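Residues per chain are reported as follows:
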Amino acid sequence: MDIYIAPLKFSNALLLGDIISELSNRFVSKISVIEMQLNAGKYLSKERGQYYSTGLIADAMNITGNYSGKIIILTEIDLYVPVLTFIFGEAQLNGKHSIVSACRLHEEFYSGKSDDKILFERLMKEILHELGHTYGLRHCVNWDCVMHTSPGIEEVDIKGSDYCKRCASIVDGYKSPYF
Ligand SMILES: [Zn+2]
Ligand SMILES: [Zn+2]
């Protein structure tokens, strides 16, 4: 099953390249980048200064519904759903689409200091996490597993950077380190 990355207000080409090669190492699936004409401004909450994640996913489904495979929207904009202050990402359980925002994964967001290595690690964790949901995985109780819930940056940093054995066995096309 192919995996498509759909950048949305995401201009860091170097980081995008690193993500593609990391995903290619981890999946037998073909990884490609697609261009998606999505009007994010429609989902900007002026009050919150954030974008409504579920709306963005719904529009992406309309635009890219004909693709067979998984589609990850990769963005720098700050995402929210009404009940939460912010979210790092969202996915359709057992579906095709997911979205991941790098906005609050930047170390400078917290300490004021930029760190590309930390950003990459956090971003890979959240991409694998949201992808995992699209393969039908729910949250995992194992802290070593990337499917552990991570509502805040502390949990993102604490949890593991790979799927646990059980979760890995469910992700189609994943080059599991366990078998
Ligand atoms: Zn989750
Ligand atoms: Zn797990």
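Above this note sits the structure.
Figured I'd write up the structure that's included with this text. (Residues numbered from 1 in each chain as written. Chains lettered and ligands numbered in written order. Predicted model: local features only at pLDDT ≥ 70, side-chain atom pairs only at ≥ 80, totals over all residues.)

**A look at the sheet that holds strand β7 (residues 89-91)**
Move 1: Here we have five strands laid out as an open sheet, ordered β2-β1-β5-β8-β7, and mixed in their pairing. At either margin of the open sheet sits one strand with a lone partner, and together these are β2 (31-33) and β7. Taken pair by pair, the neighbouring strands of this sheet meet at an average axis angle of 20°, ignoring direction.
Move 2: Each of β1 (3-8), β5 (70-75), β7 and β8 (97-101) touches helix α2 (residues 53-64); the most contacted strand, β8, lies at about 135° to it. (Pairing = 2+ DSSP bridges. Helix = DSSP H or I, 4+ residues; strand = E, 2+ residues; numbered from the N terminus. Axes fitted to C-alpha atoms, helices over the stretch in contact; angles between N-to-C directions. Contact = placed C-beta atoms within 7 Å.)

**Observations regarding the nonpolar core**
Move 1: One finds A6, I72, I73, I127, Y163 and C167 to be the most contacted residues of the largest nonpolar core, which totals 43 residues.
Move 2: Elements represented by at least two residues in this core include exactly β1, α2, β5, β6 (79-80), β8, α3 (116-134) and α5 (165-168).
Move 3: When sequence neighbours within four positions are dropped, the list of residues in contact with I73 reads A6, L8, L56, A60 and I99. (Core = buried A, V, L, I, M, F, W, Y, C linked by C-beta atoms within 7 Å. Buried ≥ 20, exposed ≤ 12 C-beta atoms within 10 Å, placed from the backbone.)

**Here's the deal with the sheet that holds β6**
Move 1: Taken in spatial order, the three strands of this open sheet run β3-β4-β6, and their pairing is mixed. Each edge of the sheet is formed by a strand with only one pairing partner; in this case those strands are β3 (44-45) and β6.
Move 2: Where strand β4 (residues 50-52) meets β6, two bridges bridge the pair, whose relative direction is parallel. Looking at β6, one finds that Y51 is bridged to L79.
Move 3: Helix-sheet contacts for α2 involve β4 and β6, and the interaxial angle to β4 is about 50°.

**Some remarks on unusual backbone geometry**
Move 1: Despite not being glycine, K9 shows a phi value in the positive range, around 50°.
Move 2: C-beta crowding within 10 Å serves as the criterion here: with 15 such atoms nearby, K9 is assigned to the partly exposed category.
Move 3: The phi dihedral of N94 is positive, around 60°, even though this residue is not glycine.
Move 4: As for its position among the elements, N94 is in the loop between β7 and β8.

**Details of the pairing of β8**
Move 1: A large share of β8 lies buried, amounting to five of its five residues.
Move 2: Where burial is concerned, the two faces of β8 agree: the one with H97, I99 and S101 and the one with S98 and V100 are both buried.
Move 3: Hairpin connection, β7 to β8: the antiparallel pair is bridged by five residues, and N94 has positive phi, about 60°.

**Some points on the packing of helix α1 (residues 13-26) against α3**
Packed helices, taken two at a time, are described by their axes: the angle between them and the distance between them.
Move 1: Packing of α1 against α3 leaves a shortest axis separation of 11 Å and a crossing angle of 50°. Overall, the two elements α1 and α3 adopt an arrangement that is oblique. Note on packing geometry: the crossing formed by α1 with α3 is right-handed. Contact residues: L15, D18, I19 and E22 in α1; F120, L123, M124 and I127 in α3.
Move 2: Broken down by class, the residue content of the contact of α1 with α3 amounts to six nonpolar, no polar and two charged. (Parallel < 35°, antiparallel > 145°, perpendicular 65-115°, else oblique. Left-handed = near helix turned anticlockwise from the far one by under 90°. Nonpolar A, V, L, I, M, F, W, Y, C, P; charged D, E, K, R; others polar.)

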